[in-house]
Each structure stands twice: as structure tokens, then as C-alpha cells.
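Residues per chain, in single letters:
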Amino acid sequence: MKNIVILISGGGSNMAAIVRAAERDRWADRFGARIAAVVSNKAEAGGLALAKSHGIDTAVVPHKDFATREAFDEALAKVVDGYSPALVVLAGFMRILTPGFVGRYAGRLVNIHPSLLPAFPGLNTHQRAIEAGCKVAGVTVHQVTTELDHGPILAQAVVPVLPDDTAATLAGRVLAQEHLLYPRAIAGWLSDTSSHNR
Ligand code: GAR
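Residues numbered from 1 in each chain as written. Predicted model: local features only at pLDDT ≥ 70, side-chain atom pairs only at ≥ 80, totals over all residues. Heavy atoms only, no water.

**Student:** Whenever I open this one, helix α1 (residues 13-24) confuses me. Can you help?
**Tutor:** Between the first and last C-alpha of α1 there are 16 Å, a value that for twelve residues agrees with the 16 Å anticipated at 1.5 Å per step. All buried positions along α1 are accounted for by N14, M15, A16, A17, I18, V19, A21 and A22. The positive-phi residue at the C-terminal boundary of α1 is R26, with phi of around 50°. (Helix = DSSP H or I, 4+ residues; strand = E, 2+ residues; numbered from the N terminus. Expected span 1.5 Å × (residues − 1). Buried < 20%, exposed > 50% of the residue type's maximum accessible area, 1.4 Å probe, protein only.)

In C-alpha cells, the structure reads:
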């Protein structure tokens, strides 16, 4: 069975969408894959309860307990490696990862970012898109490389920016697309890797 480990920091609505898609679309039967664990850097991350309610292992590695990024990433990797993951999914995981961590999971580490990369890496993407006068915005699923919010693009979805949009209304429109795009992109990745292994 291919194990998927999902890393979250907050509400985990993308994680929830992935968990539901895995159940609904029978990823275990189709791809031999399962969501093995959800790991958070914050104990209060809302998504942990949902993961538990689906029978998924959860763990918390609080970044505040570690003096350096390297020490935190080392502890995180130890938990993640416990599941021998085929794929590590960043779903609203709001930590910059060290090159050591990224290198360890090279080719099997993906992220979702709420902009049409390479536009607007980093934070406050929706406000920045509105201020730049963008007529469209969107979301990107990409492989993670050592450069923040860069890396080969796996999938994107586009939404309109409406004249009276605020960052909050635009974020809501983008998030609805995230919940469709991320499960689809992961299923595509699983399907590709299954066929390579045949
Ligand atoms: C999502 O919009 C995701 O794209 C974004 O955080 C939100 C998490 O929501 N990620 C980033 O900004 C990463 N740079 P969720 O916890 O409900 O999935």
C-alpha cells in the first residue's frame, strides 16, 4: 500500500477534501494508496479532529519546541518517515522547509498555493492580486523544490477577480477550486506512478 502523509497547520479544509476524495473514489482499490497520517506543527489545528474521525493517524510536532528550523524539520521527518510515505502532501502547512527536508522527499513532495504561480509566491496572495488589478486569480498544485512556492506545476485552476472582491471573497472563490483541484492532482500523480510501476 502506498502511504500518503498530509501536513497541515490550520483548518485543514484541503486535507478534508483529499480524505473525502480518497474514500469516495476508492484510492485504495484504484491506486493501492491510503492516507496514512495527518501531521500538524500546531496542536490546535482544526483538521486533526476530522482526520481522527476518519480513522487516520494524527501527530503533532510543535515547531515552537525547536530552536532551529533544521531541528524542527529533523523531528518532523522522523514522524513522517515512520509511515514510509510514497507521497507527502503540504495542505496549508505554513512553515518554510529546509533544503534537507525538501531533498529527502524529492519527487514525492507536493504543495498547494493560492495563486497562479509563478505570480504571487509567499503570503497575502489574494490582496496582492486585487491590488495588482488582476482580472483572474487562482490556485497552483506544484512539486516542492528548495525555492519557496516554486517547482514543476502539476495543476492549476483559474477564477475571475470580480470588481467588488475583497481578499476574503476572492479567497473563498479560490478555496472552492482548491478543494476540487488538489484531490484531482493527487489522483493524477498516483495514477501516473501506478502505471510506471506496472
Ligand atoms: C489554503 O488556501 C492553501 O492554499 C494555503 O493555505 C490555505 C489552507 O487552508 N496555503 C498557502 O498559503 C501555502 N503557501 P486549509 O487549512 O483549510 O486547507
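**Student:** Even after reading the chapter, I still don't get the site of the ligand, so can you show me in this structure?
**Tutor:** Around the ligand, the neighbouring residues are G11, G12, S13, N14, G92, M94, I112, H113, P114, D149, L175 and E178. A distance of 2.8 Å separates an oxygen atom of the ligand from a polar backbone atom of G12. Within the backbone of N14, one N or O atom sits 2.9 Å away from an oxygen atom of the ligand. Taken by itself the ligand offers 460 Å² of open surface, and the protein chains cover 81% of this. When contributions to the shell around the ligand are tallied by element, the ones reaching two or more residues are α1, β5 (109-113) and α7 (167-196). Tallied by class, residues from the shell around the ligand come to four nonpolar, six polar and two charged. (Near = heavy atom within 4 Å. Polar contact = N/O pair within 3.5 Å; in protein donor to acceptor, adjacent residues only side chain to side chain. Areas by Shrake-Rupley, 256 points an atom, 1.4 Å probe, with all protein chains shown as cover. Nonpolar A, V, L, I, M, F, W, Y, C, P; charged D, E, K, R; others polar.)

**Student:** Help me understand the sheet that holds strand β7 (residues 153-160), please; the structure alone is not making it clear to me.
**Tutor:** The strands that make up a sheet pair up through hydrogen bonds in the backbone, lying either parallel or antiparallel. Reading across from one edge, β3-β2-β1-β4-β5-β6-β7 is the order of the seven strands in this open sheet, with mixed pairing throughout. Every interior strand has two partners, whereas the edge strands, β3 (57-60) and β7, have only one. Averaged over all pairs of adjacent strands, the angle between their axes in this sheet comes to 20°, without regard to strand direction. As paired strands, strand β4 (residues 85-90) and β5 are joined by three bridges and run parallel to one another. The residue of β5 that forms the bridge with V88 is L109. Each of β1 (2-8), β2 (33-40), β4 and β5 is contacted by α1, which is oriented at about 160° to β2, the strand it contacts most. (Pairing = 2+ DSSP bridges. Axes fitted to C-alpha atoms, helices over the stretch in contact; angles between N-to-C directions. Contact = heavy atoms within 4.5 Å.)

**Student:** Where do I start with the environment of Y105 in this structure?
**Tutor:** Mapping Y105 onto the fold places it in the loop between α5 (99-104) and β5. Overall, Y105 belongs to the buried group, its relative accessible area being 0%. Note: C-alpha distance between Y105 and P183 (78 residues apart in sequence) is 20 Å. Excluding anything up to four places from it in sequence, Y105 contacts A77, V80, D81, P85 and V88. A distance of 3.4 Å separates a polar side-chain atom of Y105 from the backbone oxygen of A77.

**Student:** Looking at this structure, how should I read helix α4 (residues 69-81)?
**Tutor:** Because each turn of an α-helix spans 3.6 residues, side chains separated by three or four positions in sequence point in the same direction. Between its terminal C-alpha atoms α4 stretches 18 Å, which fits the 18 Å expected from 13 residues at 1.5 Å a residue. By the burial criterion, the buried members of α4 are F72, D73, A75, L76, A77 and V80. Buried residues in α4 make contact with β1, β2, β4 and α5.

**Student:** I would appreciate a short explanation of the side chain of S9 in the present structure.
**Tutor:** Note that S9 resides in the loop between β1 and α1. There is a polar contact of 2.7 Å between the side chain of S9 and the side chain of N41. Only 2.8 Å separates the side chain of S9 from the backbone nitrogen of M94, close enough to count as a polar contact. When sequence neighbours within four positions are dropped, the list of residues in contact with S9 reads S40, N41, K42, A45, A91, G92, F93 and M94.

**Student:** Teacher, can you tell me more about the nonpolar core here?
**Tutor:** Among soluble globular proteins, nonpolar side chains are generally buried collectively. Counting residues in each nonpolar core, the largest one holds 39 residues, and the members touching the most others are I4, I6, W27, I35, V89, Y182 and I186. In terms of residues, this core owes the most to one element, α7, which gives nine residues. Discounting chain neighbours no more than four positions away, the residues touching Y182 are N14, I18, V89, L90, A91, V110, N111, I112 and V141. Core analysis: the second largest hydrophobic core is formed by 22 residues, V5, A36, V39 and Y83 among them. (Core = buried A, V, L, I, M, F, W, Y, C linked by side-chain atoms within 4.5 Å.)

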